[in-house]
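A closer look at the structure
Each chain, written out:
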4 protein chains.
Amino acid sequence: MIRIGIIGFGYWGPNLVRNFSLVDGCSIKIVSDLRKDRLDLLKRQYPGVATVNLSDNVINNKNIDAVVVATPVSSHFDLASAALSHGKHVLIEKPMATSVAEAKMLIDLAKKQKKILMVDHTFLYAGAVQKIKSLIDKNELGNINYFDSTRINLGLFQKDVNVLWDLAPHDISIFSYLFNKNPLSVQAIGVSHLKNGIEDVAYLTLRYRSDLIAHFNCSWSSPIKIRMMLIGGDKKMIVYNDMEPTEKVKVYDSGYILKTDEDKRKILVDYRVGDIFIPKVEIREALFEMAKDFIKSINAGSDPISNGALGLKVVKILEMSQKSIKQHGREIPFK
Amino acid sequence: MIRIGIIGFGYWGPNLVRNFSLVDGCSIKIVSDLRKDRLDLLKRQYPGVATVNLSDNVINNKNIDAVVVATPVSSHFDLASAALSHGKHVLIEKPMATSVAEAKMLIDLAKKQKKILMVDHTFLYAGAVQKIKSLIDKNELGNINYFDSTRINLGLFQKDVNVLWDLAPHDISIFSYLFNKNPLSVQAIGVSHLKNGIEDVAYLTLRYRSDLIAHFNCSWSSPIKIRMMLIGGDKKMIVYNDMEPTEKVKVYDSGYILKTDEDKRKILVDYRVGDIFIPKVEIREALFEMAKDFIKSINAGSDPISNGALGLKVVKILEMSQKSIKQHGREIPFK
Amino acid sequence: MIRIGIIGFGYWGPNLVRNFSLVDGCSIKIVSDLRKDRLDLLKRQYPGVATVNLSDNVINNKNIDAVVVATPVSSHFDLASAALSHGKHVLIEKPMATSVAEAKMLIDLAKKQKKILMVDHTFLYAGAVQKIKSLIDKNELGNINYFDSTRINLGLFQKDVNVLWDLAPHDISIFSYLFNKNPLSVQAIGVSHLKNGIEDVAYLTLRYRSDLIAHFNCSWSSPIKIRMMLIGGDKKMIVYNDMEPTEKVKVYDSGYILKTDEDKRKILVDYRVGDIFIPKVEIREALFEMAKDFIKSINAGSDPISNGALGLKVVKILEMSQKSIKQHGREIPFK
Amino acid sequence: MIRIGIIGFGYWGPNLVRNFSLVDGCSIKIVSDLRKDRLDLLKRQYPGVATVNLSDNVINNKNIDAVVVATPVSSHFDLASAALSHGKHVLIEKPMATSVAEAKMLIDLAKKQKKILMVDHTFLYAGAVQKIKSLIDKNELGNINYFDSTRINLGLFQKDVNVLWDLAPHDISIFSYLFNKNPLSVQAIGVSHLKNGIEDVAYLTLRYRSDLIAHFNCSWSSPIKIRMMLIGGDKKMIVYNDMEPTEKVKVYDSGYILKTDEDKRKILVDYRVGDIFIPKVEIREALFEMAKDFIKSINAGSDPISNGALGLKVVKILEMSQKSIKQHGREIPFK
């Protein structure tokens with residue numbers, strides 16, 4: 001039985017508690033938060049869980065095997081490194097850390113301590129992403145030509161990080177998981193409409209070998225909520241619309257090769273070349289699957305899907321994007 | 001009665017013929033096309049219109065007052081300058097020309113000849129665009145912070161121009177019409193998946209004073225057709241979805257100013273801050289309105305909405321975008 | 001070359017003229033309409049077509065082989081029977097006539113005169129309907145359990161016929177074509193909100209053997225336009241949404257047989273049991289195909305898809321529905 | 001502090017426990033269910049709640065003030081009447097009982113015992129329904145002409161009740177709440193495709209004075225999930241689409257009065273007569289509001305919104321619908 005301590009019971013904390021409380025083989029023993037009202041709320045629903053104000057009481061706790069860090073990103077490094085140093089397995093909310101240097105130190109420390117270090121990139125465990133992963137792994141799409149993601153809504157303007165650090169980790173982690181290669185370069189453009197230097201609208205572009213391009217449109221200033229990814233292969237293309245309740249993943253023929261004039265005429269009429277297929281996607285709570293993977297990895301001593309290396313890649317791309325934004329979109333080589 | 005000659009009866013030609021034949025105060029006298037089967041098709045529906053193979057027979061025609069150039073873009077300059085030289089009013093399909101130099105020469109020639117020079121940026125005449133223009137002119141949106149346009153579909157891969165030259169003229173002309181300022185800079189990123197140097201996926205960014213940013217996502221390689229523009233003001237925001245049959249324009253509160261914690265909590269729940277308004281938009285064929293504006297401008301000697309200056313600006317931005325694409329997205333100052 | 005005369009150039013007339021002018025093997029010679037402005041409009045676009053005020057000049061015309069009757073329904077019988085009597089083939093707009101008695105007389109007269117009698121149930125020729133027909137004919141759906149159609153919008157309140165006579169002919173003809181059986185009974189419910197005895201909201205139900213039920217929801221008083229049919233078979237089900245630009249027909253697993261508790265649990269989560277398939281549908285103008293079928297049938301002496309017998313069945317169901325409405329939905333046996 | 005006991009921890013039970021545990025002024029003391037695994041699940045998340053197998057231990061419990069009956073409908077009467085007899089306030093899942101006779105006895109018993117009797121018609125507390133109620137109460141819609149509801153999905157085929165008893169209580173309770181009148185008559189049509197006499201597809205029609213008609217389309221056999229209500233007034237009309245994440249309620253002009261021919265022409269083009277308005281709707285968990293109303297009513301001795309009288313009306317309409325279905329849709333007067 002893995003005994004879990006959770007640091008931070010804010011926006012995401014209740015979801016973590018609810019899901020870990022349902023996973024077999026683990027038990028939430030203690031939760032810390034500086035705010036009394038948050039702990040009161042927890043007590044009400046989970047009277048069996050101990051509550052404390054200070055995170056030290058979680059980290060130092062002898063009866064805890066694993067620590068979940070669900071605090072603002074600026075505190076991730078300190079809390080995670082302390083927990084690893086005390087011999088705990090660690091799960092960190094995304095993004096993993098505020099810099100590549102921090103992320104690397106955490107990975108090294110986990111290796112040295114022989115503990116699991118995992119990042120909560122929840123979406124990797126969504127049924128839709130798993131379905132797309134299996135289609136790509138079976139080479140149904142052929143060579144991948146582009147990835148185009150839009151994640152925009154009217155959002156809370158964060159005070160410490162820009163919109164890419166806030167929203168793009170989802171898309172970068174998904175694409176990095178689907179397509180396990182390093183980009184050649186990173187470039188980003190963004191503007192801040194609050195005049196505080198924190199971009200609320202930003203566009204990120206990654207280039208890969210073979211003319212693969214990945215583009216991410218992120219905004220806190222959109223009146224409508226869009227969660228849409230297009231993945232274009234030369235055989236098939238996928239539209240993943242996460243706002244759709246049940247038809248999240250649609251698979252289309254690519255139609256790059258239009259041989260005859262008749263083909264050309266047809267495409268002008270309805271912009272379609274073939275049948276469309278909407279696979280049945282496992283509907284499940286992604287966070288529950290993520291929690292299971294954490295416990296499973298601890299027990300097996302194996303690497304989780306959402307491991308430190310993936311978390312590091314996300315942080316590295318974000319760090320480079322920030323550099324590029326400040327240089328008006330200059331292309332920064334990824335090395 | 002303005003007597004019209006049309007050069008080119010390809011994809012767009014039938015629409016031009018149908019609409020000009022319905023406009024009061026003009027009459028289509030002659031149409032030229034090199035292809036016999038196209039002229040046969042025309043004859044069948046419009047037996048009263050003369051047909052010829054050579055464009056010279058339109059341009060030199062003494063009984064013609066105005067010439068419509070509906071041929072591939074590479075021939076626009078030669079045909080339009082010849083027609084202007086022969087004292088004809090000229091309407092050119094978009095984009096106006098293949099270079100800024102050509103576009104400027106046409107404007108100068110029209111000025112010298114005292115003839116109307118108009119570019120068929122049809123969308124400016126759409127009911128939705130006219131409605132948005134009136135909302136902006138009444139300052140309903142407040143300061144405009146961003147413009148974000150997506151125009152993607154599975155398209156015919158053009159052989160001579162890239163996807164920006166093909167699709168972006170619509171969006172650039174709309175935004176230039178709505179927001180009558182010059183950008184500070186142009187930058188663009190694109191890739192060619194057909195390995196022929198002609199980009200099929202491209203992203204264009206324009207920067208303006210006061211942190212206004214305009215971003216255009218254009219693709220011939222999308223399995224689905226999207227025609228969506230977001231226009232963000234600090235008071236109101238607009239979503240213009242041209243694929244919606246009747247609810248094309250939606251107006252939202254901006255919600256930049258979230259004063260209380262309660263406001264913040266609410267926005268996390270449904271990402272909305274206020275009521276939404278869907279104005280009734282005049283449903284009309286934009287091309288018919290464009291044709292009327294051409295005839296009206298000839299008769300009044302006045303400037304049409306879609307005039308040469310607007311056409312030139314579109315060509316200038318396209319020309320700069322091409323330069324930027326070849327330099328991997330370098331920011332090019334607009335001067 | 002079949003020489004065509006058209007009676008009536010109102011709302012639908014221009015579509016008929018445009019399409020017949022594109023069909024090989026026929027030629028529109030003359031069009032009649034009582035309104036001068038309608039004929040002027042025609043003249044402008046089709047100077048080669050003769051125009052007359054009186055329908056007699058079409059019906060008596062020696063140089064005409066076939067007559068298209070595109071007038072209000074109350075005049076269909078007189079015009080069509082006169083045209084048949086003069087030895088013309090006849091195409092009538094839907095619905096064919098105002099009563100079963102009239103429809104039968106027309107069928108008898110056409111038989112006696114050995115002329116083609118066709119009704120313009122345009123939708124039968126739509127790519128989506130043809131695709132559904134082919135799926136049903138291949139028994140992809142299994143036994144058909146229900147047909148549920150919604151055809152509602154904010155409409156012109158007709159002065160002479162109720163909403164069922166106006167809108168339901170589309171759905172009745174489609175269903176009768178797809179499922180070529182007679183109903184056991186007809187019942188209908190409707191109300192008139194204009195207090196003139198003409199129902200603007202009505203519901204029609206047809207029962208067939210084996211518990212097949214067809215239900216039609218028709219309204220002129222809906223603020224939104226819906227054109228949706230559900231066809232439920234015990235193997236597959238179809239959703240035909242005519243408002244969708246390209247994904248009109250979707251094919252679903254039926255999921256009637258849920259064997260395990262796990263199956264039951266799953267369906268509660270996302271109400272789906274399998275993959276969804278969106279076949280490519282031929283995009284074509286249905287009216288053009290209808291026009292071709294008329295000419296083809298005349299030339300071959302064969303029965304068109306949208307023949308008199310189908311037109312009669314539609315009228316019979318409408319006539320019975322009216323009787324049922326006036327008796328508050330009493331079930332009327334179809335005999 | 002109201003002490004609550006809950007009978008039944010099946011599909012809906014966890015939602016009840018979660019919401020009542022968050023309502024101020026009450027505390028869940030005990031939950032009964034015959035199934036051990038259900039109680040184990042409860043224990044895991046709510047170790048502070050007592051669990052028992054037999055409902056008697058809840059009903060007889062001296063330390064309980066109020067009982068929530070969340071069991072199959074056939075047991076509602078016995079459990080609720082026992083609880084009332086033991087002096088408990090009672091909340092019953094919908095529908096309230098299996099017959100009008102039972103429902104009336106429960107109402108009489110609650111009156112005699114001076115206890116609150118409430119039915120969990122959750123939807124009455126949804127933000128969208130509350131918004132529509134306020135629009136109707138302010139007479140924004142004018143006279144109501146029709147109510148048209150579609151509630152269809154691929155569903156679990158119930159073994160004891162038909163699709164109307166299963167799904168229509170939502171719509172009947174909403175409409176009864178919005179429009180507080182008794183119908184003149186009830187009629188219903190339905191078919192059973194499982195050949196067990198339990199209808200899986202059914203249509204229910206209620207008639208009211210002044211030609212108001214309410215129609216309910218309910219199905220367990222639809223491949224897609226639809227939750228849509230149209231409410232037509234002579235001034236405004238409402239579309240309530242519960243599948244929309246944020247734009248659930250849209251308000252339209254009615255456009256019954258089309259005075260000019262120009263008006264008529266326009267409506268043929270886009271079927272719209274005016275602007276559309278999407279009010280901001282309070283996003284909240286309806287079940288939480290329902291739970292609050294139960295506690296508030298107990299404390300104040302006042303009638304809840306979803307009271308016994310409303311529950312009775314729903315049962316009465318269902319009972320009559322069943323009678324009508326068996327008589328093939330005969331109109332049954334409501335008395």
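Parameters at a glance
Residues numbered from 1 in each chain as written. Chains lettered and ligands numbered in written order. Predicted model: local features only at pLDDT ≥ 70, side-chain atom pairs only at ≥ 80, totals over all residues. Heavy atoms only, no water. Helix = DSSP H or I, 4+ residues; strand = E, 2+ residues; numbered from the N terminus. Rg over C-alpha atoms; globule rule 2.2 N^0.38 Å. Contact = heavy atoms within 4.5 Å. Lys, Arg positive; Asp, Glu negative; His and termini not counted. Charge placed at Lys NZ, Arg CZ, Asp CG, Glu CD. Buried area = accessible area lost by both parts, 1.4 Å probe. Salt bridge = Lys/Arg side-chain N within 4 Å of Asp/Glu carboxyl O. Phe/Tyr/Trp six-rings, centres within 6.5 Å; stacked < 30°, edge-to-face > 60°. Buried < 20%, exposed > 50% of the residue type's maximum accessible area, 1.4 Å probe, protein only. Lys NZ or Arg CZ within 6 Å of the ring centre and 35° of its normal. Pairing = 2+ DSSP bridges. Axes fitted to C-alpha atoms, helices over the stretch in contact; angles between N-to-C directions. Least-squares fit on C-alpha atoms with pLDDT ≥ 70 in both. Polar contact = N/O pair within 3.5 Å; in protein donor to acceptor, adjacent residues only side chain to side chain. Parallel < 35°, antiparallel > 145°, perpendicular 65-115°, else oblique. Left-handed = near helix turned anticlockwise from the far one by under 90°. Nonpolar A, V, L, I, M, F, W, Y, C, P; charged D, E, K, R; others polar. Expected span 1.5 Å × (residues − 1). pLDDT = per-residue confidence, 0-100.

1. Quick notes on the overall build of chain A
- Looking only at helices and strands, one finds 10 helices and 15 strands in chain A.
- Rg of the C-alpha trace for chain A: 21 Å, near the compact-globule value of 20 Å for 335 residues, within the 12% margin.
- Considering only C-alpha atoms, chain A reaches an extent of 75 × 45 × 40 Å along its principal axes.
- The long-range share in chain A, meaning contacts at least 24 apart out of those at least 6 apart in sequence, stands at 67%.
- Charged side chains of chain A number 46 positive and 37 negative; the gap between the two group centres comes to 4 Å.

2. What to know about the interface of chain D and chain A
- In this assembly, 11 residues from chain D lie in contact with 11 residues from chain A.
- Roughly 980 Å² of surface becomes buried between chain D and chain A when both sides are summed, with 49% attributable to carbon and sulfur atoms.
- Linking chain D with chain A are 2 salt bridges.
- The partner of D24(A) in a salt bridge is R44(D), and the shortest N-O contact between them spans 3.3 Å.
- When residues in the side of chain D that touches chain A are grouped by element, the largest group, 3 residues, is from helix α2 (residues 36-45) of chain D.

3. Considering the packing of aromatic side chains
All names here are of chain B.
- Within the structure shown, the criterion is met by 28 aromatic pairs over all chains.
- Here F147 and F216 contribute two aromatic rings whose centre-to-centre distance is 5.7 Å and whose plane-to-plane angle is 55°, an arrangement assigned as tilted. Note that F147 is positioned in strand β7 (residues 144-154) and F216 in strand β10 (residues 213-219), a separation of 69 residues in sequence. In this pair, the class of F147 matches that of F216, namely buried.
- One cation-aromatic arrangement involves K316 over F334; the distance from NZ or CZ to the ring centre is 4.2 Å.

4. Describing the sheet that holds strand β5 (residues 89-93) of chain C
Residues and elements named next belong to chain C.
- Taken in spatial order, the 6 strands line up as β3-β2-β1-β4-β5-β6 in an open sheet, and their pairing is parallel. Across the chains shown, the open sheet's two edge strands, defined by having one partner strand only, are β3 (50-52) and β6 (117-120). For this sheet, the mean angle separating the axes of adjacent strands, direction not counted, is 25°.
- For β5 and β6, the ladder comprises 4 bridges, and the chain directions are parallel.

5. Topic: the relation of the copies chain A and chain B
- With an axial shift of 0.0 Å and an RMSD of 0.0 Å, the rotation relating chain A to chain B amounts to 180°. As the rotation angle and translation indicate, the two copies are arranged about a two-fold axis. Closest to the rotation axis within chain A is the C-alpha of R330(A), separated from it by 3.2 Å.

6. Describing the pairing of strand β12 (residues 236-241) of chain D
All names here are of chain D.
- Burial runs high along β12: 5 of the 6 residues are buried.
- The pairing of strand β11 (residues 221-233) with β12 spans 5 bridges and is antiparallel. Bridged to M228 within β12 is N241.

7. Here we look at the relation of the copies chain D and chain A
- After a rotation of 180° and a shift along the axis of 0.0 Å, chain D superposes on chain A with an RMSD of 0.0 Å.
- When you check the interface residues of chain D against chain A, 100% turn up at the interface there too, and the contact is symmetric in its surfaces.

8. Let's talk about the side chain of S254(A)
Residues and elements named next belong to chain A.
- Turning to its location among the elements, S254 is positioned in the loop between β13 (249-253) and α8 (261-270).
- We classify S254 as buried; its relative accessible area is 1%.
- A polar side-chain atom of S254 sits 2.7 Å from the main-chain carbonyl oxygen of G233.
- Within the structure, the side chain of S254 is placed 3.1 Å from the backbone oxygen of K235, a separation counted as a polar contact.

9. A look at the sheet that holds strand β3 (residues 50-52) of chain B
Residues and elements named next belong to chain B.
- Read across the open sheet, the 6 strands follow the order β3-β2-β1-β4-β5-β6; overall the sheet is parallel. Both edges of this open sheet fall to β3 and β6 (117-120), since each of them pairs with a single strand only. The mean inter-strand angle of the sheet, taken between neighbouring strand axes irrespective of direction, is 25°.
- Pairing of strand β4 (residues 66-69) with strand β5 (residues 89-93) involves 4 bridges; the strand directions are parallel. Counterpart to A66 in the pairing with β5 is H89.

10. Some thoughts on the packing of helix α6 (residues 127-137) of chain D against helix α7 (residues 163-178) of chain D
Residues and elements named next belong to chain D.
- Packing of α6 against α7 leaves a shortest axis separation of 10 Å and a crossing angle of 30°. The angle between α6 and α7 places the two elements in the roughly parallel class. In this structure, α6 meets α7 at a crossing whose hand is right-handed. Side by side, α6 and α7 meet where V129, Q130, I132, K133 and I136 of the first sit next to I174, Y177 and L178 of the second.
- Looking at side-chain class alone, the contact of α6 with α7 contains 6 nonpolar, 1 polar and 1 charged residues.

11. Some thoughts on the pairing of strand β11 (residues 221-233) of chain A
All names here are of chain A.
- In terms of residue burial, β11 counts as a mostly covered element, since 12 of its 13 residues are buried.
- Here 9 bridges tie strand β7 (residues 144-154) to β11, and the two strands are oriented antiparallel to one another. Within β11, the position partnered with D148 by the bridge is L230.
- Connecting β11 to the antiparallel partner strand β12 (residues 236-241) that follows it, the hairpin turn spans 2 residues.

12. Some remarks on helix α10 (residues 308-326) of chain B
Residues and elements named next belong to chain B.
- End to end, α10 covers 27 Å across 19 residues, agreeing with the expected 27 Å (1.5 Å per residue, within 8%).
- Where α10 begins, the capping side chain belongs to N307, and its oxygen is found 3.3 Å from the backbone nitrogen of A309.
- Looking one or two places after α10, you find H328, whose phi comes out positive at around 55°.

13. Section: the packing of helix α7 (residues 163-178) of chain B against α10(B)
Residue and element names in this part refer to chain B.
- Where α7 meets α10, the closest approach of the two axes is 9 Å, and the angle between their N-to-C directions is 130°. As far as their axial angle goes, α10 and α7 are oblique. Where α7 crosses over α10, the two elements pack in a sense that is right-handed. In this structure, α7 contributes L164, W165, A168, P169, I172, S173, S176 and Y177 to the contact, and α10 contributes L310, K313, V314, V315, I317, L318, E319, S321, Q322 and I325.
- Its residues assigned to classes, the contact of α7 with α10 shows 12 nonpolar, 4 polar and 2 charged.

14. A word on the pattern of salt bridges
Residues and elements named next belong to chain A.
- Under the counting rule described, the total for this entry stands at 56 salt bridges over all chains.
- We note a salt bridge from E285 to R18, for which the minimum N-O separation is 3.0 Å. You can see E285 sitting in the loop between β14 (276-278) and α9 (286-300) and its partner R18 sitting in helix α1 (residues 13-20), a full 267 residues away along the chain.
- On the basis of relative accessible area, E285 is assigned to the partly exposed category, the value being 35%.
- Connected via shared salt-bridge partners are R284, E289 and K292.

15. Details of the interface of chain A and chain B
- Taken together, the contacts link 52 residues of chain A with 52 residues of chain B.
- Counting the surface lost from both chain A and chain B, the interface buries some 4700 Å², and carbon and sulfur atoms represent 65% of this.
- The tally of links between chain A and chain B comes to 15 residue pairs in polar contact (both at pLDDT 80 or more).
- Counting only elements with at least two residues in the side of chain A that touches chain B, the list comes to β7, β8 (185-191), β9 (201-207), β10 (213-219), β11, β12, β13 and α8 of chain A.

16. Describing the confidence of the model for chain A
- Across chain A, the average pLDDT comes to 93, with 94% of residues at 70 or higher.
- As a predicted assembly, this complex carries a pTM of 0.93 together with an ipTM value of 0.93.

17. Remarks on the environment of I4(C)
Residue and element names in this part refer to chain C.
- Summarising the element assignment, I4 is placed in strand β1 (residues 2-7).
- Spatially, the C-alpha atom of I4 lies 5.0 Å from that of A66, the residues being 62 residues apart in sequence.
- When residues no more than four places from it in sequence are discounted, the contact partners of I4 are F20, C26, S27, I28, K29, I30, I64, A66, V68 and I295.

18. Some words on unusual backbone geometry
- Residue K94(C) is joined to P95(C) through a cis peptide bond whose omega torsion reads -10°.
- In this structure, P95(C) sits in the loop between β5 and α5 (100-113).
- Its identity is not glycine, yet K114(B) carries a phi of approximately 55°, on the positive side.
- In this fold, K114(B) is placed in the loop between α5 (100-113) and β6.

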